[in-house]
Amino acid sequence: MAQDTTVPKLDFEYWLDKAIKWGQATTLESQKDVCLHLCQLQEFLHQVYETLKHMVSDFKTYAIQQFPLIGQLLGRLCWNPFVIGYDESQKTLMWCLCCLYSSEPQNPVELKANSWIRSLLCHLLSSSKWESNEAETSTFISTLGYTSADYYCHLVKNMVFSLLAEFRGNQFNGLNMQGRVSGTRVNGVSLFCLPLITLPDITPLLETLLLYQGGASKEILSSEFLEAVNDAFLKKKICLPESAVVSLWLRHLPSLEKATLHLLDQLVSIQLNSLEEVACVIKDSLLPQAASHPAIFRIVNEIFKNVLLETDGTPEVFTIIQVFTQLFLQAHQNENKEHRFPLKAYFPCHHQPLVTALIRRPLELPTTHWSQHLKHISDMLKALVEDTNISSLADLFEIWFLVAHFGEWLDIAAEQLLKAAVESDALLWLLAFYYCPQNENQQRTQTMVEAQAVCNHLMMLFSCEVLSVKDLEAAVHTVTDIDQCCNQHLITHLLTNFLLFSSGGHTIAQEFIYHV
């Protein structure tokens, strides 16, 4: 039988040592230490479960014989109220025990193990046993007219109410009690909240702690608490008001980074069929709303920029950035004018007239003014790019990245080009810069020439009621067959807009896309 397994690699000794020291968490010191390790312990228990569930039947006996630490560890943890009260730890412990259970015991070891496992499972399933071990306590609860579940529910509510009064400040004789709460006290309460974070009755206390400002120069809430709240929020295990989430991310930047990467992973991993669905997922994350605070916006924007570079500018990342920017601008506009930050706070290092022009939504202007507005953007952009002070690629990239946020204007520029816009040269330069920002070896200039040739052919077909795929192919291949296209992305952009806005484009769109 192969004995090379991942079981010995799991750090049973470390966690068993912890479990022995904790006992049933009856001392203040052990309770604090349990709270500090709950998140890591839960991850460890998940690893144990994943290992155990893939074992063959024979190896379970081997595991129990060779690694009795498994049984000792699980047994001790099952009697620790802080552990079994935290999130899904109780469920995971039960899963681990079930994996060790032998459906057809073959020897005395397996029979004894099954008996022990059954007793632990009964203990975990019976709330009265671990909530109230003493007969006197049960009698007292019954005398009050409560069941055990009701009693402890009211106990938690009363505890939360008391702490809320303490932290929010009671107004007695004109004195505000908030100033008397020490940082150590607040830190301690945040630690003791760890096993209770997912309880609905605790949510008001979480909100109060996140919004609490004690005047200390350093963070008074424990980092473990902030991480646990953020994880629970991202997993939809708790609901928090926007103000509390903003405060969480301002207090703990690793949580903000994790929330941003979580959103990106979520958007990339699920199939979304429309921009509306993308917008719904992004808005639900609360990141666009929280980005109304400049510090949060700049950090999220920096993460987006790094992801864009790491993925070589994949279209999915562009879409996410552009939809996020639209939602952020909506949230910014909805802010009370008295509390609204100026645009310079979000884009401090950029040419502010350009920022103002880009941020202006197309719906805010009559359609007849779109070409003129785009020319204004293009002229400012061209002056910046051709400025001799813009000497480094990093400076050029920052200007390009700013433009990349505002996909609406780029789409409108492509649409206007096909409608014989008056300012066609400026619109063409804007699109050429977006797709070829460096202009190395006159690449941008060549792109403009090729794009103009495609536009001229497409404009002749724009008003045709009846089109065929061959007409469109002929228009494009006339250009691309003569000279290799410097940038297929720009040509694709123009073709897409032609199919969307031309008279006969809709009728051949599906056939053309399938053919391509």
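Calculation notes
Residues numbered from 1 in each chain as written. Predicted model: local features only at pLDDT ≥ 70, side-chain atom pairs only at ≥ 80, totals over all residues. Heavy atoms only, no water. Helix = DSSP H or I, 4+ residues; strand = E, 2+ residues; numbered from the N terminus. Buried < 20%, exposed > 50% of the residue type's maximum accessible area, 1.4 Å probe, protein only. Contact = heavy atoms within 4.5 Å. Areas by Shrake-Rupley, 256 points an atom, 1.4 Å probe, with all protein chains shown as cover. Salt bridge = Lys/Arg side-chain N within 4 Å of Asp/Glu carboxyl O. Axes fitted to C-alpha atoms, helices over the stretch in contact; angles between N-to-C directions. Left-handed = near helix turned anticlockwise from the far one by under 90°. Nonpolar A, V, L, I, M, F, W, Y, C, P; charged D, E, K, R; others polar. Phe/Tyr/Trp six-rings, centres within 6.5 Å; stacked < 30°, edge-to-face > 60°. pLDDT = per-residue confidence, 0-100. Disulfide = S-S within 2.5 Å. Polar contact = N/O pair within 3.5 Å; in protein donor to acceptor, adjacent residues only side chain to side chain. Expected span 1.5 Å × (residues − 1).

Enquirer: What am I meant to see in the overall build of the chain here?
Expert: When its secondary structure is counted, the chain shows 28 helices and 2 strands. Expressed as a percentage of the 516 residues in the chain, the buried residues total 46%. Relative to all contacts within the chain whose residues are 6 or more apart in sequence, the contacts with residues 24 or more apart total 68%. Accessible area for the chain stands at about 27,100 Å²; split by element, carbon and sulfur atoms hold 55% of it.

Enquirer: Would you explain the pattern of salt bridges in this entry?
Expert: Here the idea is simple: oppositely charged side chains can pair when their charged atoms come close. Counted by the stated rule, this structure contains 11 salt bridges. Measuring nitrogen to oxygen at the nearest pair gives 2.5 Å for the salt bridge that ties Asp-231 to Lys-258. Here Lys-258 lies in helix H15 (residues 253-269) and Asp-231 lies in helix H13 (residues 223-234), a separation of 27 residues in the sequence. Residue class for Asp-231 comes out buried when judged on its relative accessible area of 14%. As a salt-bridge pair, Arg-361 and Glu-408 come within 3.1 Å of each other at their nearest N and O atoms. A residue pair is termed long-range when its members are at least 10 positions apart, and Arg-361 in the loop between helix H20 (352-359) and helix H21 (370-385) and Glu-408 in helix H23 (residues 407-418) qualify at 47 residues. A relative accessible area of 19% means that Arg-361 is categorised as buried. Judged by relative accessible area, Glu-408 falls into the partly exposed class, the value being 27%. Salt bridges here are not isolated pairs; linked through shared partners, they connect Glu-302, Lys-305 and Glu-398.

Enquirer: Help me understand the packing of helix H1 (residues 12-22) against helix H2 (residues 28-53), please; the structure alone is not making it clear to me.
Expert: Think of two packed helices as two axes; the pair is described by the angle between the axes and how far apart they sit. As a packed pair, H1 and H2 sit with axes 11 Å apart at the nearest point and diverge in direction by 145°. Handedness of the H1/H2 crossing: left-handed. Residues Phe-12, Tyr-14, Trp-15, Lys-18, Lys-21 and Trp-22 of H1 pack against Ser-30, Asp-33, Val-34, His-37, Gln-40, Leu-41, Phe-44 and Val-48 of H2. The class makeup of the residues in the contact of H1 with H2 is 8 nonpolar, 3 polar and 3 charged.

Enquirer: Just checking my understanding: could you explain the side chain of Asn-497 for this structure?
Expert: On the secondary structure map, Asn-497 appears in helix H27 (residues 488-501). Filtering out sequence-adjacent residues up to four positions away, Asn-497 remains in contact with Asp-411, Ala-414, Glu-415, Leu-418 and Ser-502.

Enquirer: Which parts of the structure should I look at to understand the packing of aromatic side chains?
Expert: Ring pairs (aromatic) are described by centroid distance and by the angle formed between their planes. Taken as a whole, this structure holds 17 aromatic pairs when the rule is applied. For the ring pair Phe-328 and Tyr-346, a centre distance of 5.0 Å and an interplane angle of 65° mean the geometry is edge-to-face. One end of the pair, Phe-328, is in helix H19 (residues 315-334); the other, Tyr-346, is in the loop between H19 and H20, with 18 residues separating them in the sequence. Residue class for Tyr-346 comes out buried when judged on its relative accessible area of 3%. Put simply, the rings of Phe-318, Phe-397, Trp-400, Phe-401, Tyr-434 and Tyr-435 touch in pairs and so form one group of aromatic residues.

Enquirer: Even after reading the chapter, I still don't get the confidence of the model for the chain, so can you show me in this structure?
Expert: Summing up the model confidence of the chain, the mean pLDDT is 80 and the portion of residues at 70 or higher is 82%. Across the chain, the element-wise mean pLDDT spans from 34 in strand S1 (residues 171-172) up to 96 in helix H17 (residues 287-290). Low pLDDT, under 50, characterises residues 1-8; the predicted model gives this stretch 13 contacts beyond four residues in sequence or across chains. Across residues 170-178, confidence stays below pLDDT 50; counting only partners more than four residues off in sequence or on other chains, it has 14 contacts.

Enquirer: Explain unusual backbone geometry to me, please; I cannot follow it from the model alone.
Expert: Most peptide bonds are trans, and most residues other than glycine sit at a negative phi. Positive phi, normally seen in glycine, also occurs at Lys-236, with a value near 65°. With a phi angle near 55°, Asp-312 is a residue other than glycine that sits in the positive phi range. Take Asp-312: its relative accessible area is 70%, and that puts it in the exposed class.

Enquirer: Looking at this model, I keep getting lost on the state of the cysteines. Mind explaining?
Expert: When the sulfur atoms of two cysteines share a covalent bond, that bond is a disulfide. Tallied over the entire structure, the rule returns 0 disulfides. No disulfide involves Cys-193; its nearest neighbouring cysteine sulfur is the one of Cys-35, lying 9.0 Å away. Judged by relative accessible area, Cys-193 falls into the buried class, the value being 3%.

Enquirer: Looking at this structure, how should I read the side chain of Gln-416?
Expert: Here Gln-416 lies in helix H23. Here Ser-371 takes part through its side chain, which lies 2.8 Å from a polar atom of the side chain of Gln-416.

Enquirer: Which parts of the structure should I look at to understand the environment of Ala-414?
Expert: By secondary structure assignment, the location of Ala-414 is in helix H23. Spatially, the C-alpha atoms of Ala-414 and Thr-496 are 9.2 Å apart, while their sequence positions differ by 82 residues.

Enquirer: What's the story with H27 in this structure? I'm lost.
Expert: Because each turn of an α-helix spans 3.6 residues, side chains separated by three or four positions in sequence point in the same direction. The end-to-end C-alpha distance of H27, which contains 14 residues, comes to 20 Å, matching closely the 20 Å that a straight helix rising 1.5 Å per residue would cover. Among the residues of H27, Leu-490, Ile-491, His-493, Leu-494, Leu-495, Asn-497, Phe-498 and Leu-499 are the ones counted as buried.

Enquirer: What's the story with the environment of Asn-334 in this structure? I'm lost.
Expert: Assignment of secondary structure puts Asn-334 in helix H19. C-alpha separation for the pair Asn-334 and Gln-289, spaced 45 residues apart in sequence, amounts to 9.7 Å.

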